[in-house]
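Given next are the chains, with one letter for each unit.
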Amino acid sequence: MSALDLRSDTVTQPTAEMRRAMAAAEVGDDVWGEDPTVNALEERAAELLGKEAGLFVSSGTMGNLVSLMAHVPRGGEIIAGAQSHIVRDEAAGHAVVVGASVLQLSDRPDGTLDPDEVAAAFRDPTDPHEPPTSLVTIENAHSHSGNQPIALTATEQIAAVARERDVPLHVDGARFFNAVIALGARPAELAAPADSVTFCLSKGLSCPAGSVVVGSMSFIGRARRARKLLGGGMRQAGVLAAAGLVALRDGDAGMIARLADDHANARRLAELLSAMRGVLSPGDIAQPGAEDAPLDPARVRTNFVLFRVAADRAAFLAAAEARGVRLDYYPHGQVRAATNSGIAAADIERVATAIEAALADVGTSATREMAAAQVQ
């Protein structure tokens, strides 16, 4: 029996329809703007999110990086959540490449930033000792809070703070469409307050590679130049873009609507895990409160199930993999199970059974303590 891989939604495989589209893709030189399939993908993405233009890039990290380069002057400062992907997971590209500092704010358990704290974080533009505040960024969905979807009203509040100070708002939307589906929103509606948005094709949308950045024509022009500087100018990239066009189709023909299945599967898995001895709250901002509290399934609103185990985490993960279930060694002492297109509803019981058996294999700390007490 093949392993069930829930380490991330990046492990997804392209669909048969994507593979056919890739094989038949009409291509050209994208650096010269002559790849018709890339152009079609960029236009579709911009239309879907209600922006003027789009740019196909190799990854979400590159999408964020070219956005920072397009928005932020060297020596500028970015306001971002301390647990955002841009801060924690992108190799300090903001500092190394952009030459910008980040003023980090505390992310709230719902993945949002406090608008008052954002307002207070702006620097004094008349003081030469301070870097000029040049960009505000948020992440939607917000991964370290449990991939919480950020509601339109929360985005509008942050956008209003930024706009009042004539500073743009960038949304790191690696899993933007998970937020769209969880909130029952239209993509253009949720993207409207932002000056730029980047989203990944290679996560829940199941494409083999790629992300798209959208924004105004002038912004995309600057981002395109930044992509070239980073070595991201691709040639016959329509072979990859073709999969993205399939993913962004409407309804059942595409991959956006089916994200609801991933969300339902994640909630079902969380419900099963919450009843297990040895499965604990993920803690941190993913589920604040007592560390020994049980997992709260209500915190699972998209495709992430974050939890901790009352056992040696490395041993538990190895035991789960030995039983055919692959899980991720996540920050904050957590384990991540990310449902994806490779995991069907019928697989969830098997995943839960393997996790329970793995916990029994390694023994929970409570079990070991009871055994030690009996020996004494």
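Scroll up to find the structure.
Everything in this summary refers to the structure shown in the same document. Starting afresh in each chain, residues are numbered from 1 along the sequence in its written order. It should be noted that, the model being predicted, local features are given only for residues of pLDDT at least 70 and side-chain atom pairs only at 80 or more, the latter also being counted only at that level, while totals for whole chains, interfaces and linings use all residues. Here the side-chain values reflect all heavy atoms present in the structure, with hydrogen atoms and water set aside.

## Observations concerning the pattern of salt bridges
Next, step 1: Whenever a carboxyl oxygen of Asp or Glu lies within 4 Å of a side-chain nitrogen of Lys or Arg, that contact is scored as a salt bridge. Applying the stated criterion across every chain yields a total of 18 salt bridges.
Next, step 2: Its salt-bridge partner being Arg-44, residue Glu-47 comes within 3.4 Å of it at the nearest N-O pair. Note that Glu-47 and Arg-44 are positioned in helix α2 (residues 36-49) at a spacing of three residues, about one turn of the helix.
Next, step 3: A relative accessible area of 56% means that Glu-47 is categorised as exposed.
Next, step 4: Among the residues examined, Arg-44 registers a relative accessible area of 17% and is labelled buried.
Next, step 5: In this structure, Arg-258 engages Asp-262 in a salt bridge whose closest nitrogen and oxygen atoms are separated by 2.5 Å. Strands here are runs of E lasting at least two residues and helices are runs of H or I lasting at least four, both read from the DSSP assignment and numbered beginning at the N terminus. We call a residue buried when its accessible area falls under 20% of the maximum for its residue type, exposed when it is over 50%, and partly exposed in between, using a 1.4 Å probe and counting protein chains only.

## Some thoughts on the nonpolar core
Next, step 1: Core analysis: the biggest nonpolar cluster contains 52 residues, and Phe-177 and Leu-248 have the highest contact counts within it.
Next, step 2: Should any heavy atoms of two residues lie within 4.5 Å, those residues are considered in contact. In this structure Phe-177 touches Leu-48, Leu-49, Pro-187, Phe-199, Leu-205, Leu-248, Ile-256 and Leu-259, once residues within four positions along its chain are discounted.
Next, step 3: Nonpolar core, defined: a set of buried Ala, Val, Leu, Ile, Met, Phe, Trp, Tyr and Cys residues in which side-chain atoms within 4.5 Å join the residues together. Among the nonpolar cores identified, the runner-up in size contains 31 residues, and Leu-6, Leu-317, Ile-348 and Val-351 belong to it.

## Observations regarding the packing of aromatic side chains
Next, step 1: Pairing of aromatic side chains here covers Phe, Tyr and the six-membered ring of Trp, requires ring centres within 6.5 Å, and sorts the geometry by plane angle: under 30 degrees stacked, over 60 edge-to-face, intermediate tilted. This structure, assessed with the given rule, holds four aromatic pairs.
Next, step 2: Consider the rings of Phe-176 and Phe-177, whose centres lie 5.6 Å apart with planes at 85 degrees: the pair is edge-to-face.
Next, step 3: Arranged with centres 6.3 Å apart and planes meeting at 85 degrees, the rings of Phe-304 and Tyr-330 form a pair that is edge-to-face. Within this pair, whereas Phe-304 is found in strand β10 (residues 304-309), its partner Tyr-330 is found in strand β12 (residues 328-330), the two being separated by 26 residues in sequence.

## Quick word on the sheet that holds strand β7 (residues 196-200)
Next, step 1: At least two bridges found by DSSP between two strands is the condition for calling them paired. Ordered in space as β2-β8-β7-β6-β5-β3-β4, the seven strands form an open sheet in which the pairing is mixed. Each end of this open sheet is capped by a strand with a single partner; those strands are β2 (53-57) and β4 (101-105). Each adjacent strand pair in this sheet contributes to an overall mean axis angle of 20 degrees, direction not counted.
Next, step 2: Both strand β3 (residues 77-81) and strand β5 (residues 133-139) contribute to a ladder of three bridges, which runs parallel. Looking at the pairing, Ile-78 lines up with Leu-135 of β5. Convention adopted: a line fitted to C-alpha atoms gives each axis, helices being fitted over their contacting stretch, and angles between N-to-C directions are expressed from 0 to 180 degrees.

## Topic: the pairing of β7
Next, step 1: Buried residues dominate β7, accounting for five of its five residues.
Next, step 2: Residues Ser-196, Thr-198 and Cys-200 of β7 are buried on one face, and the alternating residues Val-197 and Phe-199, pointing to the opposite face, are buried as well.
Next, step 3: As paired strands, strand β6 (residues 169-173) and β7 are joined by four bridges and run parallel to one another. Across the sheet, the residue bridging to Val-171 is Val-197, located in β7.
Next, step 4: Summarising the sheet, β7 and strand β8 (residues 211-215) pair through five bridges and their orientation is antiparallel. Opposite Thr-198, over in β8, you have Val-213 as the bridge partner.

## Considering unusual backbone geometry
Trans peptide bonds make up the majority, and among non-glycine residues the majority have a negative phi.
Next, step 1: In this chain, Asn-140 is followed by Ala-141 through a cis amide linkage whose omega measures 5 degrees.
Next, step 2: In this model, Asp-166 sits at a positive phi of 60 degrees, which is unusual for a non-glycine residue.
Next, step 3: With respect to the secondary-structure elements, Asp-166 resides in the loop between α7 (152-164) and β6.
Next, step 4: Residue Ser-206 is not a glycine yet carries a positive backbone phi of 75 degrees.
Next, step 5: Of note, Ser-206 is situated in the loop between β7 and β8.
Next, step 6: Given the relative accessible area of 0%, Ser-206 is considered buried.

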